[in-house]
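Descriptive analysis of the structure
One-letter residues, chain by chain:
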Amino acid sequence: MAATVVTIAQQKGGAGKTTVAAQLAVTYLRTGKSVALLDIDPQRSLTHWYELRRESVGVEDESLLLREVSGWRISSELDRLRRSYDIVLIDSPPHAETDAKAAIRAGDLTLVPVQPSPVDLWATRATVELAAGEKKPVLLVLNRMPPRGRLADAVRGQLAGDNLEVARTSLGNRVAYAASLIEGRGVVESDPRTRAAEEIRALADEVMRVTA
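Conventions adopted
Residues numbered from 1 in each chain as written. Predicted model: local features only at pLDDT ≥ 70, side-chain atom pairs only at ≥ 80, totals over all residues. Heavy atoms only, no water. Helix = DSSP H or I, 4+ residues; strand = E, 2+ residues; numbered from the N terminus. Rg over C-alpha atoms; globule rule 2.2 N^0.38 Å. Buried < 20%, exposed > 50% of the residue type's maximum accessible area, 1.4 Å probe, protein only. Contact = heavy atoms within 4.5 Å. Pairing = 2+ DSSP bridges. Axes fitted to C-alpha atoms, helices over the stretch in contact; angles between N-to-C directions. Parallel < 35°, antiparallel > 145°, perpendicular 65-115°, else oblique. Nonpolar A, V, L, I, M, F, W, Y, C, P; charged D, E, K, R; others polar.

What to know about the overall build of the chain
Of the regular secondary structure elements, the chain holds nine helices and six strands. Relative to its length of 212 residues, the chain is compact, with a C-alpha radius of gyration of 16 Å against a globular reference of 17 Å. If you line up the chain on its principal axes, its C-alpha atoms span 45 × 40 × 30 Å. Per-residue burial for the chain yields a buried fraction of 51% across its 212 residues. Long-range contacts, defined as pairs at least 24 residues apart, comprise 78% of the intrachain contacts of the chain with a sequence gap of at least 6.

Describing the environment of G133
Looking at the secondary structure, you find G133 in helix α5 (residues 118-133). Spatially, the C-alpha atom of G133 lies 20 Å from that of A160, the residues being 27 residues apart in sequence.

A word on the pairing of strand β4 (residues 87-91)
Burial analysis of β4 places five of its five residues in the buried class, the great majority of the element. The sheet contact formed by strand β1 (residues 4-8) and β4 spans five bridges and is parallel. For I8, the partnering residue across the bridge sits in β4 and is D91. Note that strand β2 (residues 35-39) and β4 share five bridges and pair parallel. Residue pairing in the sheet places V35 in a bridge with I87 of β4.

Details of the packing of helix α1 (residues 17-30) against helix α7 (residues 175-182)
Relative orientation of the contacting elements α1 and α7 amounts to 75°, with a least axis distance of 11 Å. Compared by their axis directions, α1 and α7 come out roughly perpendicular. Two secondary-structure elements touch here, α1 through T19, A22 and Q23 and α7 through Y177, S180 and L181. Among the residues making up the contact of α1 with α7, the classes are represented as three nonpolar, three polar and no charged.

Section: unusual backbone geometry
With the exception of glycine, most residues fall at negative phi, and the peptide bonds are largely trans. Its identity as a non-glycine residue notwithstanding, K135 has a phi of 60°, on the positive side. Topologically, K135 is positioned in the loop between α5 and β6 (138-142). Here K135 falls in the exposed class, since its relative accessible area comes to 74%. Even without being a glycine, R144 presents a positive backbone phi close to 55°. Inspection of the secondary structure puts R144 in the loop between β6 and α6 (151-161).

Below, the structure is given as structure tokens:
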């Protein structure tokens, strides 16, 4: 077994990296895949969610595993996980170029959440440059998009003008994502028939197609 490794990165804080990581993890888990999570963000938000999940959902016979590591230990930890899991998701830190670079170097794909704001668009360039320096493919995903208006098209147009690869799937600004995390779950478990669940399933499928 050789795991697919996806690094979720964004130099700007608050872009939704941990939410995307947790939601994708549960989505893949529900399709029968084994998933390992690497939390190298000093805030340890993904670790907090995982601990809450173990309390509320229970142990899942190691089909979902989390490891907290420092950037310099990613390579050795990843060597072990690649042999035992189908998918490894790395939640990387913002504002920490050295650790973020190590995480990007370790991944098969860099997934970059982008919120619809000029500040996020500007910050995204730094993350893309890190990935380019490591010769790693990048897929941007529009996150917390409003339900109406021209903003999505405007943001896509800006990113396309910069010759950046943007996921066809975007994630809406939906309470369901945060609500499921508070329960230690993913939206595909807590609200499987909602638009939020449809979005994260579509993104999970798209990520797998890109890395195939």
